[in-house]
Amino acid sequence: MTNILQPKSVGSSVSGRRTAFGRNLWAAMALVALALLALLIGATSRCPPSAPRPYRQVVILGDPHLPGRNLAAKEQVRRTINGWRDVDLVVAVGDICDLYGTPAEYAAAREFFNRLNHPLALVNGNHDYIYATPASPEAYAKNFNPASKEERAEKLTRFRQTFRLSTLSSSRMVGGYLFLFLAADHDRFAVGISEQQMNWLRTELAHAPRTPTIIVFHGPLKGTQYPFKRHINQPHSVAQPVEAIQALLAANPQVFLWISGHTHTPATEASFASPINLYDGRLTNIHNPDMKRETIWTNSLLLYPDQVVVKTYNHLQGAWLPELTRVIRPPKL
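Residues numbered from 1 in each chain as written. Predicted model: local features only at pLDDT ≥ 70, side-chain atom pairs only at ≥ 80, totals over all residues. Heavy atoms only, no water.

So, the pairing of strand β10 (residues 297–303)
To keep things clear, this is the line we draw: Here's how the labels work: a residue is buried when its accessible area is under 20% of the maximum for its type, exposed when over 50%, partly exposed in between, all with a 1.4 Å probe on protein chains only. The helix and strand labels rest on DSSP assignments: H or I over at least four residues marks a helix, E over at least two residues marks a strand, and numbering proceeds from the N terminus. Two strands form a pair only when DSSP identifies at least two bridges running between them.
The element β10 is extensively covered by neighbouring structure, given that seven of its seven residues are classed as buried. Residues W297, N299, L301 and L303 of β10 are buried on one face, and the alternating residues T298, S300 and L302, pointing to the opposite face, are buried as well. Taken together, the five bridges between strand β1 (residues 56–61) and β10 define a ladder with antiparallel strand orientation. Bridging across to β10, V58 finds its partner in L301.

Structure (structure tokens):
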């Protein structure tokens, strides 16, 4: 009996020692892990916080014309901008829709911008509301006839509802600068401002006479481009009514930048970044290319307290273009 029980007694002793060893090993590993975690937390707490960014970046998208031509290139632009970590706002300067502001075009635009990772602000352009939708798709891109008052109103409502806007025009402070997003809604001009919107603009400017101000509107100011196309500086290609806008800007020296699209000015054109962009001797018009092309450029406004740096990015090359960088000082108010 003793010979039979002895092996069992020895096996039980060995198993107990192994169990104890395992418990001790796990306890030691846990202590080491806690020690490493404490060191990591201590090292992290000693690291200085990252320096605050000295600027705010606003990226400008000129005339997306969605869905339109070269949609893949437009989507690549969006993906690139999504990857930029220092973007505070993306602005689209009108002609969000490709042709007539149809429900299908607005649905495509909504889907496109829903995939944007940054805050978005938009203004409408002539293609978003002013043209009558042809009766058949076969006539698309051939007939740009004026829409009726009722159809224009319907499309402006569609613009607001698509992008969940309470009003057509809006304002926003970014980095100490007042941005005024001004709607195009005139009855007669392709890029005109109605009296209602002009009154809104007057009120906004009167409330902030000492705040450097940037106006975003689809149409450019007259005389801020060379006539590289026959319609440049013509009545249907500039912000209207010309005289009323000139008087309003002259009375409000806080406005020092005007951001526009409409004329599809490429970065290769002399008018893109030129002394001719200076309006009335003091206000700079920043022209933005459209997105209907294989090579798409975007401007970025880097808003510093004492200056705005305008940089241009070539999305086909994946590179900034330092030769087009401009520095614009806000007015001393």
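Quick look at the environment of N145
Quick reminder of the rule: Residue contacts are counted whenever heavy atoms from the two residues lie within 4.5 Å of one another.
Relative to the helices and strands, N145 is located in the loop between β3 (120–122) and α4 (149–162). By relative accessible area, which is 44% here, N145 ends up partly exposed. For the pair N145 and Y100, spaced 45 residues apart in sequence, the C-alpha to C-alpha distance is 9.9 Å. Once residues lying within four places of it in the same chain are set aside, the contact partners of N145 are I130, Y131 and A132.

A closer look at the pairing of β1
Under the convention used in this document: Every crossover in which the path from the first strand over the helix to the second runs clockwise, viewed with the strands pointing away from the viewer, is termed right-handed.
For β1, the tally of buried residues reaches five of six residues, placing the bulk of the element in the interior. Sheet analysis places β1 next to strand β2 (residues 89–92), joined by four bridges and oriented parallel. Looking at β2, one finds that L61 is bridged to A92. Handedness of the crossover is the feature at issue here: the chain leaves β1, passes through helix α2 (residues 71–82), returns alongside β2, and the resulting connection is right-handed.

Observations regarding the side chain of N288
Quick note on the threshold: Distance and chemistry together define a polar contact, namely a pair of N or O atoms within 3.5 Å, with one atom able to donate a hydrogen and the other to accept it when in protein, and with adjacent residues in sequence counting only for side-chain atoms on both sides.
You can see N288 is positioned in the loop between β9 (283–287) and β10. Within the structure, N288 has its side chain in polar contact with the backbone oxygen of S260 (distance 2.8 Å). Within the structure, the side chain of N288 is placed 3.2 Å from the backbone oxygen of I286, a separation counted as a polar contact. Ignoring anything within four residues of it in the chain, the contact list for N288 reads I60, G62, I259, S260, G261, T265 and N299.

Thoughts on unusual backbone geometry
A cis amide bond, omega -5°, links L66 with the succeeding residue P67. Tracing the sequence through the fold places P67 in the loop between β1 and α2. Cis peptide bonds are those with omega within 30 degrees of zero, and the linkage from Q240 to P241 qualifies with 0°. Tracing the chain through its elements places P241 in the loop between β6 (213–216) and α6 (242–250). We note that D95 has phi near 50°; this positive angle belongs to a residue other than glycine. Mapped onto the fold, D95 is located in the loop between β2 and α3 (103–114). Look at H262: it is not a glycine, yet its phi comes out positive at around 75°.

Considerations on the packing of aromatic side chains
As a reminder of what qualifies: Only Phe, Tyr and Trp rings take part, Trp by its six-membered ring, and two of them pair if their centres are within 6.5 Å. Stacked means planes under 30 degrees apart, edge-to-face means over 60, and tilted covers everything else.
Considering all chains together, one arrives at 12 aromatic pairs under this definition. With 5.5 Å between their ring centres and 45° between their planes, Y55 and Y304 make a pair best called tilted. Taken together, the residues Y55 in the loop between α1 (2–46) and β1 and Y304 in the loop between β10 and β11 (308–314) connect sequence positions 249 residues apart. The exposure class assigned to Y304 is partly exposed, which follows from its relative accessible area of 22%. Centroid distance Y177 to F256: 5.9 Å. Interplanar angle 40°. Geometry classified as tilted. Highlighted residues: Y177 in strand β5 (residues 177–181) and F256 in strand β7 (residues 255–260), separated in sequence by 79 residues. Exposure remark for Y177: the relative accessible area of 1% places this residue in the buried category. Residue F256 is classed as buried on the basis of its relative accessible area, which comes to 3%. Three or more aromatic residues joined by ring pairs form one cluster here, namely F112, F113, F159 and F163.

Shape is all these values report; function is a separate question.
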